[in-house]
Amino acid sequence: MMETKIIKEKTDLTYLNWSHARSSSGTAGTFLKSESIIEGRKIYYKLSNFDYLHGVVGHECVNEIIVDRLLTVLGVPHLSYKLINAVIEIDGKSYNTYLAASEDFKQPGESKTALDNYFRVNAKEGETPYEFCVRNRWRKYVDTMIVVDFLILNRDRHGANIEVLRNPRKKTVRLAPLFDHGLSLLYSCINEKEIKAYDIMEDKRCQNFIGGYSCYENLSLVKDKSKSLISKLTPSDKAYIFEDLEGIISDEHIDKIWNMIYERYKIYESL
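Residues numbered from 1 in each chain as written. Predicted model: local features only at pLDDT ≥ 70, side-chain atom pairs only at ≥ 80, totals over all residues. Heavy atoms only, no water.

S.K.: Residues and numbers for the sheet that holds strand β9 (residues 111–114), please.
M.R.: Ordered by their spatial adjacency, three strands build an open sheet running β9-β11-β12, and the pairing between neighbours is antiparallel. Across the chains shown, the open sheet's two edge strands, defined by having one partner strand only, are β9 and β12 (172–175). The mean angle between the axes of side-by-side strands here comes to 25 degrees, regardless of whether they run parallel or antiparallel. In this structure, β9 lies alongside strand β11 (residues 163–167), joined through four bridges in antiparallel fashion. Pairing of Thr113 across the sheet is with Val164, part of β11. In the packing of helix α2 (residues 115–122) onto the sheet, the strands contacted are β9, β11 and β12, and the crossing angle to β9 comes to about 80 degrees. (Pairing = 2+ DSSP bridges. Helix = DSSP H or I, 4+ residues; strand = E, 2+ residues; numbered from the N terminus. Axes fitted to C-alpha atoms, helices over the stretch in contact; angles between N-to-C directions. Contact = heavy atoms within 4.5 Å.)

S.K.: Give me the packing of aromatic side chains: which residues, what numbers.
M.R.: Tallying each qualifying case throughout the model produces twelve aromatic pairs. Between Phe119 and Phe132, the aromatic rings sit 5.3 Å apart at their centres with planes inclined by 85 degrees, giving edge-to-face as the arrangement. Of this pair, Phe119 sits in helix α2 while Phe132 sits in helix α3 (residues 129–135), and the two are 13 residues apart along the sequence. Phe132 shares its class with Phe119; the two are buried. Of the aromatic side chains, those joined through ring pairs into one cluster are Tyr118, Phe119, Phe132, Trp138 and Phe209. The lysine or arginine in question, Arg205, covers the ring of Tyr213, its NZ or CZ lying 3.5 Å from the ring centre. Stacked on the ring of Phe150, the Lys or Arg Arg264 has its end atom at 5.1 Å from the ring centre. (Phe/Tyr/Trp six-rings, centres within 6.5 Å; stacked < 30°, edge-to-face > 60°. Buried < 20%, exposed > 50% of the residue type's maximum accessible area, 1.4 Å probe, protein only. Lys NZ or Arg CZ within 6 Å of the ring centre and 35° of its normal.)

S.K.: Got a sec to walk through the packing of helix α1 (residues 60–74) against helix α8 (residues 251–270)? Specific residues and values, please.
M.R.: It is the contact of α1 with α8, at a shortest axis distance of 12 Å, that shows an interaxial angle of 35 degrees. Two packed elements cross with a definite hand, and for α1 against α8 that hand is right-handed. Facing Asn63, Ile66, Leu70 and Leu74 of α1, the residues of α8 in contact are Ile257, Ile261 and Tyr265. (Left-handed = near helix turned anticlockwise from the far one by under 90°.)

S.K.: With reference to specific residues and values, describe the nonpolar core.
M.R.: The biggest cluster of nonpolar side chains holds 67 residues, and the ones touching the most others in it are Ile66, Leu115, Leu151, Ile210, Leu229, Leu233 and Leu245. Only α1, α2, α3, α4 (139–152), β11 and α8 provide two or more residues apiece to this core. Not counting residues within four places of it along the chain, the set of residues in contact with Leu245 comprises Ile6, Val62, Ile66, Arg69, Leu83 and Ile254. Ranked by size, the runner-up nonpolar core spans 15 residues in total, among them Phe50, Ile84, Ile90 and Ala101. (Core = buried A, V, L, I, M, F, W, Y, C linked by side-chain atoms within 4.5 Å.)

Spelled out as structure tokens, the structure:
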């Protein structure tokens, strides 16, 4: 799996071709994706929110690195990312931005399908997505996911952001490691004024395939919270989670994100 890393040296990625992927959460803007093959490995690239008039206006890719490191601290299996300072080209125009890169998490022989599609085909009548996952012995996975999404206020855990990996020859079925956390934390803030005014404890409406629209209320699905996270979060973890992000996002932004994560973590610990 790709090592979590920030590459600040400018990298020429103008050869990449970008395709559109609208946010399923209803946010405005365009999210562009690309891929390449490097030494036989498929690499996926994603941009933060892109505006054809102003260029890259979001910081969703930075969120991917922050959550990547947070999940490492908490002992949660997840997809690892690199944050790359890149020069890219879109419709003949060059842009300099930080983008996120990740490797394909499928193992040889595996195919993937969205959990919502898998649920529609295999669920019993009247079964909820959470009950379906419990029946398939995925309770630990979804409980951990629910807790993580509360900590970071993930607004986009729709049914295609949870993937089922199947290997017909080996007769195995598993859920992919947690991935795609760009639309979380303070992703909707585009300037320092909005960052300062942001309410880190507000229970914003989120799109969740498992549970309801409230990440806080979804915590009630988790019956044994002591088994959700392997490790504890401590104030000393802030240095690792935000290492080398100075200058990429502001100190105020870093402090606000940390306060959000840690204050929400304290609520989780108190339940």
